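# Examination of the molecular architecture
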Amino acid sequence: MSVIIRNLQSKIQLNLSQLHYDAVTLLKLTQYHSYDLGIMLVSSNEIKALNKKYRRVNRVTDVLAFPFLEVSHEQPGVLPNVDQEDRMLGDIALCTSFIWSESQKHKEDFNSVMLTMVTHGLCHLVGFDHETKDQWTQMYRKELEILTRFNQLTGYRCSPLLGVGHFEAQPLLSDQTH
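Residues numbered from 1 in each chain as written. Predicted model: local features only at pLDDT ≥ 70, side-chain atom pairs only at ≥ 80, totals over all residues. Heavy atoms only, no water.

Glancing now at the sheet that holds strand S1 (residues 3–7). Read across the open sheet, the four strands follow the order S1-S2-S4-S3; overall the sheet is mixed. What marks the edges here is a single partner per strand, and that holds for S1 and strand S3 (63–67). Here the strands of the sheet are splayed against their neighbours by 15° on average, with no regard to which way each runs. For S1 and strand S2 (residues 36–42), the ladder comprises five bridges, and the chain directions are parallel. Opposite Asn7, over in S2, you have Leu41 as the bridge partner. Against the sheet, helix H2 (residues 44–55) contacts S2, S3 and strand S4 (88–95), and its axis sits at roughly 50° relative to S3. Against the sheet, helix H4 (residues 110–125) makes contact with S2, S3 and S4, and its axis sits at roughly 140° relative to S4, the strand it touches most. (Pairing = 2+ DSSP bridges. Helix = DSSP H or I, 4+ residues; strand = E, 2+ residues; numbered from the N terminus. Axes fitted to C-alpha atoms, helices over the stretch in contact; angles between N-to-C directions. Contact = heavy atoms within 4.5 Å.)

Moving on, we come to the side chain of Ser97. On the secondary structure map, Ser97 appears in helix H3 (residues 96–105). Assessed through its relative accessible area of 12%, Ser97 is described here as buried. Separated by 2.9 Å, the side chains of Ser97 and Ser44 make a polar contact. (Buried < 20%, exposed > 50% of the residue type's maximum accessible area, 1.4 Å probe, protein only. Polar contact = N/O pair within 3.5 Å; in protein donor to acceptor, adjacent residues only side chain to side chain.)

This part covers helix H5 (residues 133–154). Between its first and last C-alpha atoms H5 spans 31 Å; for 22 residues at 1.5 Å apiece the expected length is 32 Å, and the two agree. Here H5 has its buried residues at Gln135, Trp136, Thr137, Met139, Tyr140, Lys142, Glu143, Leu144, Ile146, Leu147, Phe150 and Asn151. Tucked into the core, H5 has its buried residues touching helix H1 (16–28) and H4. (Expected span 1.5 Å × (residues − 1).)

As a further point, take the side chain of Asp22. With respect to the element layout, Asp22 can be found in helix H1. For the buried Asp22, no salt bridge exists, and the shortest N-O distance to an oppositely charged side chain is 11 Å, to Lys28. Those residues within four positions of Asp22 in sequence are excluded, and the remaining contacts are Leu115, Phe150 and Tyr156. (Lys, Arg positive; Asp, Glu negative; His and termini not counted. Salt bridge = Lys/Arg side-chain N within 4 Å of Asp/Glu carboxyl O.)

Bringing the environment of Lys28 into the picture now. Tracing the chain through its elements places Lys28 in helix H1. Put simply, Lys28 and Phe150 are 122 residues apart on the chain and 9.7 Å apart in space, counted from C-alpha to C-alpha. Setting aside residues no more than four positions away along its own chain, Lys28 makes contact with Met1 and His33.

Contact geometry of H1 with H5 gives a least axis separation of 10 Å together with a crossing angle of 125°. Put simply, H1 runs oblique to H5. Crossing hand, H1 versus H5: right-handed. Residues Asp22, Thr25 and Leu26 of H1 form the contact with H5, whose own contacting residues are Ile146, Leu147, Phe150, Leu153 and Thr154. Each residue belonging to the contact of H1 with H5 can be placed in one class, and the counts come to five nonpolar, two polar and one charged. (Parallel < 35°, antiparallel > 145°, perpendicular 65-115°, else oblique. Left-handed = near helix turned anticlockwise from the far one by under 90°. Nonpolar A, V, L, I, M, F, W, Y, C, P; charged D, E, K, R; others polar.)

That's the geometry; what it means functionally is another story.
Printed below as a string of structure tokens:
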């Protein structure tokens, strides 16, 4: 398992060693720890171009996921059997300047939000989505499971994304006590 981080932006200064360590830790907390993962840190212009090219949405966003493996949205989290050399989850593109401005606007810790975005992208790479209420619920619970374990291990205070993207939702009542 390896995590490769490519910093293709220069606007936001990051501790790339810490981000790498934390991303490896997140991956180890999942059942996908034997897979490789790529993380690209990109500018607003780059994420907007990627969003337009691959999703036909002409705006800046925080995270995009590009899965390597074909996974079923009916069975999120279930990956096909592949040879060791094909154990690549895919790439996550993170727009650091957008994430920075959003974290400042909502008075959230930037590093925690970055790791939440890595987790969100990771969930997308393995087939989770948030187009419908049921999909959003599944994805929210998966993010909560991963981030709860991560927080306990590291002392971070990461939390799953709420009302992100296509299905706008509120936290589940059972999760509001966490």
